[in-house]
Amino acid sequence: MKRIDLINWLSETDPNKVQDLYSRAYAMKVKHVGKIVYFRGIIELSNICAKNCFYCGIRKDNDHVERFQMTDEEVLESAKLAFDSGYGSIVLQSGERSDENFVAWIEQLIGQIKKMSNSQLGLTLSLGEQTRETYRRWFKAGAHRYLLRIETSNPELYQKLHPADHSHEKRLDCLKILRQEGFQVGTGVMIGLPHQTLSDLADDILFFKNFDVDMIGMGPYISHHDTPLVGLTDKTDKANNFDLSLKMIALTRLVLEDVNIASTTALQAIDPAGREKGLLAGANIIMPNITHTKYRRFYQLYDDKPCLDENALVCKSCLETRIKNIGEEIGYGKWGDSKHFKHSIQEK
Ligand code: 5AD
Ligand code: SF4
Ligand code: FES
C-alpha cells in the first residue's frame with residue numbers, strides 16, 4: 001500500500017468502507033496468526049522516572065504522584081501468578097531509569113523469574129532507553145523481547161512533545177542496538193497526538209515496515225490532567241483517536257501481515273469494548289494487567305485507565321469472557337513469538 005492510500009484510508013469516514021477495512025485486516029490476521037490471542041501479563045514495576053515526556057502522567061516533574069517501587073517478592077508473586085495461569089509470557093515495564101542500582105535490580109529480577117519458571121516464561125522488557133551494555137546484560141540474564149515505542153516517526157513532532165534533551169535519534173539508535181543484541185524488537189506510536197497529522201501516521205506504518213519490526217504496540221493518545229499537554233485535546237478528539245487507532249491497527253496488519261500487534265489497554269480507556277474491537281481490527285496480543293492492585297492507581301500514564309480496582313485474576317476472567325464472546329481462543333502455555341521473527345530468522 002502506498003503512502004497516499006494509507007492517508008486516504010485514515011481519512012475515510014464512510015462506516016461501511018471502514019468496516020470493510022477491518023474485515024480485510026481480520027482476514028489477514030486469521031491467515032497468518034489464526035484466531036488465537038496471546039496474553040502478555042504486564043507488571044508495572046515502578047513509577048519512578050528520570051524523564052519528562054510532556055504527555056505522560058508519571059513524568060518526573062509531576063509532583064502529584066506518589067512514587068513506588070515493587071519489592072522482589074511482589075514481582076515474583078505476580079510473575080508466578082502469570083506462569084501458573086498459563087500466560088505465555090510477561091512484560092516488565094517501569095518509568096525510565098539507567099542508574100546502576102536499577103540496571104542491577106532488573107538483571108537479578110530477570111534471573112529470579114527465569115529460575116521460578118524453569119525458563120519457560122517468556123520475558124519482555126519495556127524499560128526505555130539504555131546503553132548497549134545494559135541491553136546486553138539484560139539479554140544475557142534471560143530477557144528476549146523488548147518494547148520501545150518510537151512514539152512518532154516524525155522527529156520534529158517528537159521534539160515538540162519532549163524536553164530538548166530527549167532525542168528521537170537516540171530512540172532510533174536504541175531500537176537498532178536492541179536488534180543487534182538479539183532481542184525481538186517491538187515499537188509503536190501514540191495516535192492522535194497534538195500536532196500529529198494523518199501523513200505522520202501513514203509514515204509511522206511505513207517506518208514499522210522499513211524497520212522490519214517484530215511486534216507493534218500502539219494506542220490512542222489520551223491526555224493526563226497533570227501534564228503540560230492538558231487542554232490541547234477535547235472529548236471529540238477522544239472518539240476520533242479511538243477510530244483512528246483501529247484504522248492504524250488494521251492498516252498495520254495489512255502492510256506488515258505476520259507481526260504481533262497488541263490491542264492496548266488505552267483503547268479500553270475510551271471504549272469499554274475497546275480491546276475486543278482492536279482484536280477484530282487485526283490485533284492478536286493482549287496485555288492483561290497483573291500489577292498488584294495497591295499500585296495500579298499510581299501508574300497512570302493517561303486519565304481513565306481501566307482496571308484500577310481490579311486484580312490480576314479478575315482481569316484474567318474478564319478478558320477470557322470478552323475474547324470468547326468474539327469467537328477467539330487464548331494461546332495458553334505458548335510463547336506466541338512473532339511469526340515474522342521466525343520467518344526472518346529462517347531467511348537469514
Ligand atoms: N496517552 C497514551 N499513551 C501514553 N503513553 C505515555 N503517556 C501516554 C498518554 N498520555 C505511552 C507511551 C509510552 C508508553 C509506555 O505509554 O507511548 O511509550
Ligand atoms: Fe517516563 Fe515513559 Fe512516561 Fe516518558 S513515557 S515520562 S519515559 S514513563
Ligand atoms: Fe481488567 Fe476487565 S480487563 S477488569
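Please refer to the structure higher up on the page.
Residues numbered from 1 in each chain as written. Chains lettered and ligands numbered in written order. Predicted model: local features only at pLDDT ≥ 70, side-chain atom pairs only at ≥ 80, totals over all residues. Heavy atoms only, no water.

*Asks:* Help me out: how do you make sense of the state of the cysteines in this one?
*Replies:* Defined simply, a disulfide is a covalent bond joining two cysteines at their sulfur atoms. With the rule as written, the count across this model stands at zero disulfides. Left without a disulfide partner, cysteine 174 is nearest to the cysteine sulfur of cysteine 53, which lies 13 Å away. Cysteine 174 gets classed as buried once you look at its relative accessible area, which sits at 2%. (Disulfide = S-S within 2.5 Å. Buried < 20%, exposed > 50% of the residue type's maximum accessible area, 1.4 Å probe, protein only.)

*Asks:* Help me out: how do you make sense of the site of ligand 1 in this one?
*Replies:* Around ligand 1, the surrounding shell consists of Tyr55, Cys56, Gln93, Arg149, Glu151, Met190, Pro220, Tyr221, Ile222, Leu301 and Tyr302. Measuring from a nitrogen atom of ligand 1, one finds a backbone N or O atom of tyrosine 55 at 2.9 Å. Between ligand 1 and arginine 149 there is a distance of 2.8 Å, counted from an oxygen atom to a side-chain nitrogen or oxygen. When isolated, ligand 1 has an accessible area of 410 Å², and the protein chains bury 87% of it. (Near = heavy atom within 4 Å. Polar contact = N/O pair within 3.5 Å; in protein donor to acceptor, adjacent residues only side chain to side chain. Areas by Shrake-Rupley, 256 points an atom, 1.4 Å probe, with all protein chains shown as cover.)

*Asks:* I would appreciate a short explanation of unusual backbone geometry in the present structure.
*Replies:* Across residues other than glycine, the phi torsion is negative in most instances, and most of the peptide bonds are trans. Even without a glycine there, the phi angle at asparagine 118 is positive, about 55°. Residue asparagine 118 is classed as exposed on the basis of its relative accessible area, which comes to 61%. If you check the backbone angles, histidine 195 has positive phi at about 75° while not being a glycine. With respect to the helices and strands, histidine 195 occurs in the loop between strand 6 (190-191) and helix 8 (198-211). (Helix = DSSP H or I, 4+ residues; strand = E, 2+ residues; numbered from the N terminus.)

*Asks:* Help me understand the packing of helix 2 (residues 15-33) against helix 9 (residues 235-256) in this model?
*Replies:* Helix packing for two helices is described by the angle between their axes and how far apart those axes are. For the pair helix 2 and helix 9, the least separation of the axes is 8 Å and the interaxial angle reads 45°. On the basis of their axis angle, the class for helix 2 and helix 9 is oblique. Between helix 2 and helix 9 lies a crossing of left-handed hand. Residues Val18, Leu21, Tyr22, Arg24, Ala25, Met28, Lys29 and Val33 of helix 2 lie in contact with helix 9, whose contacting residues are Asp243, Leu246, Lys247, Ala250, Leu251, Arg253 and Leu254. (Axes fitted to C-alpha atoms, helices over the stretch in contact; angles between N-to-C directions. Parallel < 35°, antiparallel > 145°, perpendicular 65-115°, else oblique. Left-handed = near helix turned anticlockwise from the far one by under 90°. Contact = heavy atoms within 4.5 Å.)

*Asks:* Just to check I follow, could you spell out the site of ligand 2 for this structure?
*Replies:* Contacts to ligand 2 come from Cys49, Lys51, Cys53, Tyr55, Cys56, Ile58, Arg59, Gly95 and Glu96. Tallied by class, the residues present in the shell around ligand 2 amount to five nonpolar, one polar and three charged. (Nonpolar A, V, L, I, M, F, W, Y, C, P; charged D, E, K, R; others polar.)

*Asks:* What's the story with the side chain of arginine 253 in this structure? I'm lost.
*Replies:* Counting through the fold element by element, arginine 253 comes out in helix 9. In this structure, arginine 253 is buried with no salt-bridge partner, the nearest side chain bearing the opposite charge being aspartate 258 at 6.4 Å. A distance of 2.7 Å separates a polar side-chain atom of arginine 253 from the backbone oxygen of glutamate 257. At 2.8 Å, the side chain of arginine 253 forms a polar contact with the backbone oxygen of glycine 282. (Lys, Arg positive; Asp, Glu negative; His and termini not counted. Salt bridge = Lys/Arg side-chain N within 4 Å of Asp/Glu carboxyl O.)

*Asks:* So what exactly am I meant to see when it comes to the packing of aromatic side chains here?
*Replies:* The geometry of an aromatic ring pair is captured by two quantities: the separation of the ring centres and the angle between the planes. If you walk through the whole model with that rule in mind, you get twelve aromatic pairs. For the pair phenylalanine 68 and tyrosine 295, a centre-to-centre distance of 4.6 Å together with 15° between the ring planes defines the contact as stacked. One end of the pair, phenylalanine 68, is in the loop between strand 1 (36-46) and helix 3 (72-84); the other, tyrosine 295, is in helix 12 (residues 293-296), and 227 residues separate them in sequence. Accessibility classification places phenylalanine 68 together with tyrosine 295 in one group, the buried group. Taking the centre distance of 5.7 Å and the plane angle of 20° together, the rings of phenylalanine 207 and phenylalanine 211 count as stacked. (Phe/Tyr/Trp six-rings, centres within 6.5 Å; stacked < 30°, edge-to-face > 60°.)

*Asks:* Explain the environment of glutamate 156 to me, please; I cannot follow it from the model alone.
*Replies:* Here glutamate 156 shows up in helix 6 (residues 155-160). Its relative accessible area of 57% is what places glutamate 156 among the exposed residues. Sequence separation of glutamate 156 and phenylalanine 298 is 142 residues, and the distance between their C-alpha atoms is 31 Å.

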